[in-house]
Structure formats: structure tokens, C-alpha cells
Amino acid sequence: QAQLVESGGGLVQAGGSLRLSCAASGRTFSTFGMGWFRQAPGKEREFLALIDWSGDNTYYADSVRGRFTISRDNAKNTIYLQMDSLKPEDTAVYYCAVRRYYRDDGTRAGEYTTWGQGTQDTVSS
């Protein structure tokens, strides 16, 4: 069964950095676009970044553009999210997912399937 597992979350001070990993198992996702989302308590799941199958094309939400970088290593069946200049408002559970549908621009959770379990990131002020 295909599975995604996020790791790398934790507690960091404002201005610090974290690097999240999302490892796929059970099948390869090297031919699929992938995305990162997050969800803070009491809020809807928020799109952060997407990357196409080759890694050549990326797109970011305005809230993280210039601070976060998405990348992938298809040989390792893994995608990454480098998060710099973190702010307290970045505190959330972070999820990776496989993009299976192309009905829209890739920023909607409904275009994604096979979600990971999430990893908690907490940014202290």
C-alpha cells in the first residue's frame, strides 16, 4: 500500500529554519506532482508549495514564497520542504500529498490523494 511519511518537524525559534522530508513507500511517485500543505488549529488546510514530477517547476503560496523551498529526489522517492525565516504564524501540522488531479491550479487539497500523517512544527516567538 502506498504511503507517505513526513519527518523533520519540531520546535524552533522565530527566524530559524527547519527542513521537512516526505518519504514515499509502497510505490514510486516519481511521475507525479507533489505538494505541501499545513493546517493550524481551527483553520482550514492551507496550500504551501507544489513541484512537478521532474522537479523543474515549482509554485508557492504568497505566504511562504521567498522563505520556503520545495524540492525532490526521485531516486530516493522523497520530497523536501526547506523552511527559512520561520514565523510564529508558521506553527501548524505540515502534510505532503500526491497530486493526482489537474482540474485546477494545484492549490486545492481536492486535487491531491495519498496524504502523509503530518508533522508538527512549532515556531516560538
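Refer to the structure printed above.
The shown structure was predicted, so the numbers you read here are calculated from the model rather than taken from an experiment.

## Here we look at the pattern of salt bridges
This structure, assessed with the given rule, holds 6 salt bridges. Close ionic contact of Asp90 with Arg38 constitutes a salt bridge, the shortest N to O distance being 2.8 Å. With Asp90 in the loop between strand S8 (78-83) and strand S9 (92-99) and Arg38 in strand S4 (residues 33-39), the pair connects residues that are 52 residues apart, well separated along the chain. Considered together, Asp90 and Arg38 belong to a single accessibility category, that of buried residues. Asp62 is the partner of Arg65 in a salt bridge, and the nearest nitrogen-oxygen pair spans 2.4 Å. Judged by its relative accessible area of 40%, Arg65 falls in the partly exposed class. Each of Arg38, Glu46, Arg67 and Asp90 takes part in salt bridges that share partners, so that together they form one network.

## Description of the nonpolar core
One recurring pattern in soluble globular proteins: nonpolar side chains tend to sit buried together. Of all hydrophobic cores here, the largest spans 33 residues; its most connected members are Trp36 and Leu81. Among the secondary structure elements, those contributing two or more residues to this core are strand S3 (18-25), S4, strand S5 (46-51), strand S7 (68-73), S8 and S9.

## Overview of the environment of Pro88
For Pro88, the position within the fold is in the loop between S8 and S9. Taking C-alpha positions, Pro88 is 20 Å from Ser7, a pair spaced 81 residues apart along the chain. In this view, Pro88 contacts Ala14, Val123 and Ser125; residues no more than four positions away in its chain are not counted.

## Thoughts on the pairing of S3
Pairing analysis gives 5 bridges linking strand S1 (residues 3-7) to S3, with the strands arranged antiparallel. Pairing of Gln3 across the sheet is with Ser25, part of S3. Direction of pairing for S3 relative to S8: antiparallel, over a ladder of 6 bridges. When the bridges of S8 are listed, Ser21 appears paired with Tyr80.

The rules behind each value
- Residues numbered from 1 in each chain as written.
- Predicted model: local features only at pLDDT ≥ 70, side-chain atom pairs only at ≥ 80, totals over all residues.
- Heavy atoms only, no water.
- Salt bridge = Lys/Arg side-chain N within 4 Å of Asp/Glu carboxyl O.
- Helix = DSSP H or I, 4+ residues; strand = E, 2+ residues; numbered from the N terminus.
- Buried < 20%, exposed > 50% of the residue type's maximum accessible area, 1.4 Å probe, protein only.
- Core = buried A, V, L, I, M, F, W, Y, C linked by side-chain atoms within 4.5 Å.
- Contact = heavy atoms within 4.5 Å.
- Pairing = 2+ DSSP bridges.

Note that every value here comes from positions in space, so none of it alone points to a role or purpose.
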